[in-house]
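# Fold and geometry: a report
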Amino acid sequence: MDDRRFPFLDGVAGALVDGRGTIVGCTDAFEDLLSLPARALVGRPLRDLLARPEDWHGPHDGPHEGPGTRDGRVTVRTGDGRPLGLDVRVLPLHGGDPADPGAVRQVVLGAPSATAAGWRQDQAFTRELFLQDRFGLAVFDTDLRVVRTNTHLLPYTGVPPTLTGLRLADFLQPEDAVVVEAHLREVLETGRPLVLAEELARTVVDPRSGRMMAISAFRLQDAGGTVIGVTVLFTDITEQHRSRRRLALLHRVTAAAGVSLSVSGTAEDLARALVPELADVAVVDIAAAVFTGDEPVADGDGLLLLRRTAVAGPPGSSPATGDSVLVRPGADPATPSEDPAGAWALHAPLTARGILLGQVTAHRDRWKDPYEDGDRLLLAEIAARSALAVDNARRYTREHRAAVALQRSLLPPSVRTVAAVTTAGVYLPTDSAGGVGGDWFDVIPLSSARVALVVGDVAGHGLQATATMGRLRTAVRTLADLDLEPDELLVHLDDLVSQLLIEGDFQAEGDDPAAGVEESRTRHEPGSLGATCLYAVYDPVTRCCTLASAGHPPPAVVDPDGTARYLPVSPGPPLGVGGLPFEAAEAVLAPGSVIALYTDGLIERGEGDIDEGMAELRRRLLDLTGPDRPLREAAVRITAGLPPTRLRDDVALLLARTRAVPAADTAIWSVEPEPESVGRVRADASARLTEWGLDDLVFTTELILSELVTNAIRYAGGPVGVRLIRADTLTCEVSDGSSTQPRMRRARLTDEGGRGLYLIAQLASRWGSRYTARGKTIWTEQELPPAG
């Protein structure tokens, strides 16, 4: 018998035995097993081959598989004398005469006991594999039809009780079946095992969230190497998958909620992060008080007003933002429920430091799985972490509003008109994490109808920068009252900032207030308290603008003829460097010119070059500063053209449209240093005031000029100059060659003089003096009488 034609007999030896126990035939495997040729076996009693001949008629171990079938275990002696244990099975053949032992035939099948034991183990393993219920097991043929499964392949809603002969697409969602079958085809074609591929399995009947399966597969081949199918193991890892997704969602929401320092931005980031992982629609309601930086407080009925701040999900799936909601603080956290629309809903409060700031609600479509305890705990943890971000945004809002309010309180009115200019200013605070900066601008009326235009930028952000800005603005106003030239004023201001830097170092040192100045300068971080400033003085009589810069960008000017240019000013070092001079520049401006002073936040846009920003500002000034356009509107539109991204720095913009005092509104006289000249000056001034229609000011002006001219002739000598200017006030100026400043003092009863300046102070609304290149000028201002 050639057993090679029967691969399923591989490893099994067979012999044909008659009723007397004599071998009448055998297979090649039988010869190989006993190491004896067929001629030595045929005709020989089978019991002669046994090490213990009595075992052939002895009791037989093992169950009977059928009538006449016997199983047993024997030991034989091979042709080379070795003992060999065999597991045998005796199968009777029907058709012979039972009365004739020579006509009865039996088939004896045997295999080494070790081999048979392995077969029994394989059989037990296969049987138990298909009986276990820890994972699903299926055998597919080469057409990917189910051949055999265990009872727990997919014990979910929508799986038929009998799967034999079906394809995956017959009971799974088409898109899920296509993905799994692609894996199995690859295993069939390549022979490479598939290990723990995670795929979603949703049935046709129940297309909800389904189950996440870890799929492993290996190819099946028969003894001849022919591919006969693929075995697949399905392990349900839905809970592990959900846990991983929940943890990833928690990390993602935590990262997203901490990005923005805006209350509404934090709420929007939270809502977007919840969809679609945890919810189909996510709603975030924030207490109205949070938006102003205050702590929410329930009303008399114990209810808290919430504002619908963020909604994420399909359009129209939830009430729009801006709606109001009333909740009662202290409600059960993270409670699942069913909303009026029939969807699954899960609520969680946003509570930080024991204060209810709002709530977050997750909605899931009704046809999906309801929320579980794991979802409830996840949303509670997300709400707790997000509440801290909301509270940080609330506290930032409070500090930011305080800083902005402080800074705006230190700025002049947005629109102002004086004799020399009409101005409009805009200040835009940055939205960065550091808070508002130290940008500022100012309009300071000076003597003789002049005006000082100031813009500055303190390095840094926050309340410290705002407070420093306030100190510098006050210092500039104080120095401007001295009528200093722009370059000289910046020298004094630079010295002040240097002193502030030293004071800051002393405060930082703390334990050693006597530390040396040079050492403190070395320890100080450059630029942490530095500032830039541009100071310009415009005279409407001469139409001359004198300006100086301390590290600040130059101002732009739009002339009445429609051309725009930047004034050529040499920028000195920033304030606080010390030891370097500043250079003043002059420019004559036509009446109606618009001069623009700004901070670098207006021209440093994004990553672009500063020259590009200056060119863009010049273009916008040409488009928006026409003679008929209000300056306030132009300033707003210029700053409104900034990129929509968050500002990197504060923006301050001051626009000033120049005005001129006509030559007819100015009178100038040169007075000889002799007493008789006083009377002539009074007469000439009275005549000019009458010509101007200012008769009500003739008497007081005569008294003021008499006192000032007399003092100039008596104490200064030399030529004396007198000038009257009619602008928004009446200005009287007396100039002489002396550099001695007058000082008002309280005269005693016995003093014969010393009451002149006191008298002037009572007659004029404002008075003062300023140094000039040839001496000094004493000036007074009187309010003009109402027109009428």
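Residues numbered from 1 in each chain as written. Predicted model: local features only at pLDDT ≥ 70, side-chain atom pairs only at ≥ 80, totals over all residues. Heavy atoms only, no water.

### Digging into the packing of helix H5 (residues 238-257) against helix H7 (residues 373-410)
The condition is simple: To define axes, lines are fitted to C-alpha atoms, for helices over the stretch in contact only, and angles between the resulting N-to-C directions are given on a 0 to 180 degree scale. Helix numbers and strand numbers start at the N terminus; a helix is a DSSP run of H or I with at least 4 residues, a strand a run of E with at least 2. Orientation labels follow simple angle bins: below 35 degrees gives roughly parallel, above 145 gives roughly antiparallel, 65 to 115 gives roughly perpendicular, and whatever is left gives oblique. If you view the pair so one helix is near and one far, a crossing is left-handed when the near helix is turned anticlockwise from the far one by less than a right angle, and right-handed when it is turned clockwise. Whether two residues are in contact is decided by their heavy atoms: any pair within 4.5 Å suffices. All residues other than Ala, Val, Leu, Ile, Met, Phe, Trp, Tyr, Cys, Pro, Asp, Glu, Lys and Arg, Gly among them, are scored as polar; the first ten of these are nonpolar and the last four charged.
The interhelical angle for the contact between H5 and H7, taken along N-to-C directions, is 15°, at an axis separation of 9 Å. Accordingly, the angle class assigned to the pair H5 and H7 is roughly parallel. In this structure, H5 crosses over H7, and the sense of that crossing is right-handed. Within the contact between the two elements, H5 uses Arg246, Leu249, Leu250, Val253, Thr254 and Ala257 and H7 uses Gly374, Asp375, Leu378, Glu381, Ile382, Arg385, Ser386 and Ala389. Split by residue class, the contact of H5 with H7 holds seven nonpolar, three polar and four charged.

### Observations concerning the packing of aromatic side chains
To keep things clear, this is the line we draw: Ring geometry is summarised as follows: Phe, Tyr and Trp rings, the Trp one being its six-membered ring, pair when their centres sit within 6.5 Å, and such pairs are stacked at plane angles under 30 degrees, edge-to-face over 60 and tilted between the two. A ring is scored as having a charge over it whenever the NZ atom of a lysine or the CZ atom of an arginine sits within 6 Å of its centre and within 35 degrees of its normal.
Scanning the entire structure with this criterion turns up zero aromatic pairs. Positioned above the aromatic ring of phenylalanine 291, the side-chain terminus of arginine 307 is 4.4 Å from the ring centre.

### Looking at the sheet that holds strand E3 (residues 70-77)
How we decide: Here the rule is simple: two strands pair whenever DSSP picks up at least two bridges between them.
Read from one edge to the other, the open sheet built from five strands follows the order E2-E1-E5-E4-E3, with strand pairing classed as antiparallel. Of all strands in the sheet, those with a lone pairing partner are strand E2 (23-26) and E3, marking the two edges. Within this sheet the neighbouring strands show an average axis-to-axis angle of 30°, counted without direction. Where E3 lies against strand E4 (residues 83-93), eight bridges are found, and the strand directions are antiparallel. Among the inter-strand pairings, arginine 77 is bridged to a residue of E4, identified as proline 83.

### Considering the side chain of arginine 242
The condition is simple: Summary of the burial criterion: residues with accessible area below 20% of their type's maximum are buried, those above 50% are exposed, and those between are partly exposed, where the area comes from a 1.4 Å probe applied to protein chains only. What qualifies as a polar contact is a pair of N or O atoms within 3.5 Å, subject to a donor-acceptor requirement within protein and to the restriction that residues adjacent in sequence count only when both atoms come from side chains.
Positionally, arginine 242 belongs in helix H5. For arginine 242, a relative accessible area of 17% corresponds to the buried category. A distance of 2.6 Å separates a polar atom in the side chain of arginine 242 from a polar atom in the side chain of glutamate 372. Ignoring anything within four residues of it in the chain, the contact list for arginine 242 reads Ser209, Gly210, Arg211, Asp369 and Glu372.

### Observations concerning helix H14 (residues 698-716)
Along an α-helix, residues three or four apart share an orientation, since each turn contains 3.6 residues. What counts, and what does not: One fewer than the residue count of a helix, multiplied by 1.5 Å, yields its expected span.
Between its first and last C-alpha atoms H14 spans 26 Å; for 19 residues at 1.5 Å apiece the expected length is 27 Å, and the two agree. Inspection of H14 places Val698, Thr700, Thr701, Ile704, Leu705, Ser706, Leu708, Val709, Ala712 and Ile713 among the buried residues, and these make up the whole buried set. Against the buried residues of H14 lie strand E29 (666-671), helix H13 (676-692), strand E30 (720-726), strand E31 (729-736), helix H15 (756-763) and strand E33 (775-783). Of the residues flanking the end of H14, it is glycine 717, one or two places downstream, whose phi is positive at about 70°.

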